[in-house]
Amino acid sequence: MHSGGSGHKGWCDRRDDYQDNKGQRKNNVSFSYTDIVEIPVNRKIDMDKDLVSVVIPTYNAEKHIRDCLDAAITQTYKNIEILIVDSCSDDNTPQICREYADKDKRIRFITHKSDGPSASRNTGIKEAEGKYIVFWDDDDFPEKDLLERFVSAYENCQDEQISFVLCGMYFDNRCNKYVNDVESILEDANGYERNENYFLDRKDASVLAYLKLFNFVTNKCYELDRIRENQIQFDEQMLIGEDLKFNLDFLDKIPGKFGVINIPLYHYVKRSNESLSLTYHEGDLEDTKDIYKRFINWEKRQNNATEDDVLVIKSIYITDWVSRMTSMYEKFQNETENVWVRRKLKKELQSKEFRQNIGEVYKSGKISTIRYLSLKTGSFRIFFFLRRFYQVLKG
């Protein structure tokens, strides 16, 4: 156990300032599960353990939901309930889910009329009966020991106040052979060890956000009573940033540090070039700006937060802000009446807020010179052309 630990084996309390390190480990992961089988549940044994609720929103997921369900029913931690919440799929998703529910009595299949995963997750919160709750996406999948590691983490940190427990992630790319799979954990270059557990101060949300481990809910385990007692829900009006908003809403109500299991245990799978993050929806731009301004202000309020912590989040803000503008440009660039889009994007690039943030981020070395200069021109067409040229070179 590292020095500064909480007294529980494997849990360490880290307060090191974050050192910017752009290197990430890469790992081509091959993962497979057996065909669906009936899983006997020994209630006499499992009832001695805390129940974990697994909420899986789904819609038209017939091509990939089996991967997620196979991973769920073969978890090494057995005392679970699996709530599949379907938003009126019109493919074979309901039949597949009922097939699994017939073979494993821990599965509850719920159909409701809703618009988006946030409403489905809220239904899951309402219906769940566990002490702990996790939220998985139907096109992703966890490692088999994820829930066992989550429950063990909570059990082994009773003397330390924590808000939630999270794990590292795999980012699996199945749509571009030129892009390697990546894993994200706390980096050994900053003194962290793989497969160790750590307590992180709340200010270190910036570290986790940089590593793409903070914003998601899918790599986290929450105590259900805390969510219900504080009436925390997913924002059903948001299509972008709803996970981050949920986490900030949760942390505004719940004190404590972050418990980190420093090994990737959840696979975020990119299966196609089309994704919600790259598709324009009305309100996305403003939602992105609002949630990141809130995140920045939240970070500033944390004990011992540094200027660099805030700048890390600002750099992520700029990246997502530009991504939203890119999706808007791509959607309307071929339309005849698109003058309003060019004006809108020019206004965004020339706004005081954008120029101030990107200037601060550039001075801190958290954005490349080419990217900075192309955005500073105030012409999104120039930036978009250079971005597309880079993508072609990259493959």
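Residues numbered from 1 in each chain as written. Predicted model: local features only at pLDDT ≥ 70, side-chain atom pairs only at ≥ 80, totals over all residues. Heavy atoms only, no water.

**Remarks on the environment of Thr-93**
What counts is decided by this rule: Only DSSP runs of H or I covering at least 4 residues are called helices, and only runs of E covering at least 2 are called strands; the numbering of each starts at the N terminus. Two N or O atoms form a polar contact when they lie within 3.5 Å of each other; inside protein one atom must be a possible hydrogen donor and the other a possible acceptor, and for residues adjacent in sequence the pair counts only when both atoms belong to side chains.
Examined against the element boundaries, Thr-93 turns out to sit in helix 3 (residues 93–103). In the structure, Thr-93 is positioned 27 residues away from Arg-66 in sequence and 9.4 Å away in space, judged by C-alpha atoms. A distance of 2.7 Å separates a polar side-chain atom of Thr-93 from the backbone nitrogen of Ala-61. A distance of 2.7 Å separates a polar atom in the side chain of Thr-93 from a polar atom in the side chain of Asp-91.

**Observations concerning the side chain of Asp-249**
Where we set the bar: Classification of residues uses two cut-offs on accessible area relative to the type maximum, computed with a 1.4 Å probe and protein chains only: under 20% is buried, over 50% is exposed, and between them is partly exposed.
On the secondary structure map, Asp-249 appears in helix 8 (residues 242–253). Under the relative-accessibility criterion, Asp-249 is labelled buried at 17%.

**A short note on the pattern of salt bridges**
As a reminder, the rule being used: Any Lys or Arg side-chain nitrogen found within 4 Å of a carboxyl oxygen on Asp or Glu counts as a salt bridge.
Overall, the coordinates contain 28 salt bridges when judged by the stated rule. As a salt-bridge pair, Arg-66 and Glu-99 come within 3.1 Å of each other at their nearest N and O atoms. One end of the pair, Arg-66, is in helix 2 (residues 65–73); the other, Glu-99, is in helix 3, with 33 residues separating them in the sequence. For Arg-66, a relative accessible area of 31% puts it in the partly exposed group. What makes Glu-99 partly exposed here is its relative accessible area of 27%.

**Digging into the packing of aromatic side chains**
The description of an aromatic ring pair rests on the distance of the ring centres and on the angle between the ring planes. Our working rule: Aromatic contacts are taken between Phe, Tyr and Trp rings whose centres are within 6.5 Å, Trp giving its six-membered ring; a plane angle under 30 degrees counts as stacked, one over 60 as edge-to-face, and the others as tilted.
Counting across every chain of the model gives 27 aromatic pairs. Seen in terms of ring centroids, Phe-171 and Tyr-268 are 5.7 Å apart; in terms of plane orientation they differ by 50°. Their pairing is tilted. Placement of the pair is Phe-171 in strand 7 (residues 162–173) and Tyr-268 in strand 11 (residues 257–270), with a sequence separation of 97 residues. Classification of Phe-171 by relative accessible area gives buried; the value is 16%. Judged by relative accessible area, Tyr-268 falls into the partly exposed class, the value being 29%. Ring geometry for Tyr-192 versus Tyr-198: centroids 5.1 Å apart, planes at 90°, classification edge-to-face. Here Tyr-192 falls in the buried class, since its relative accessible area comes to 6%.

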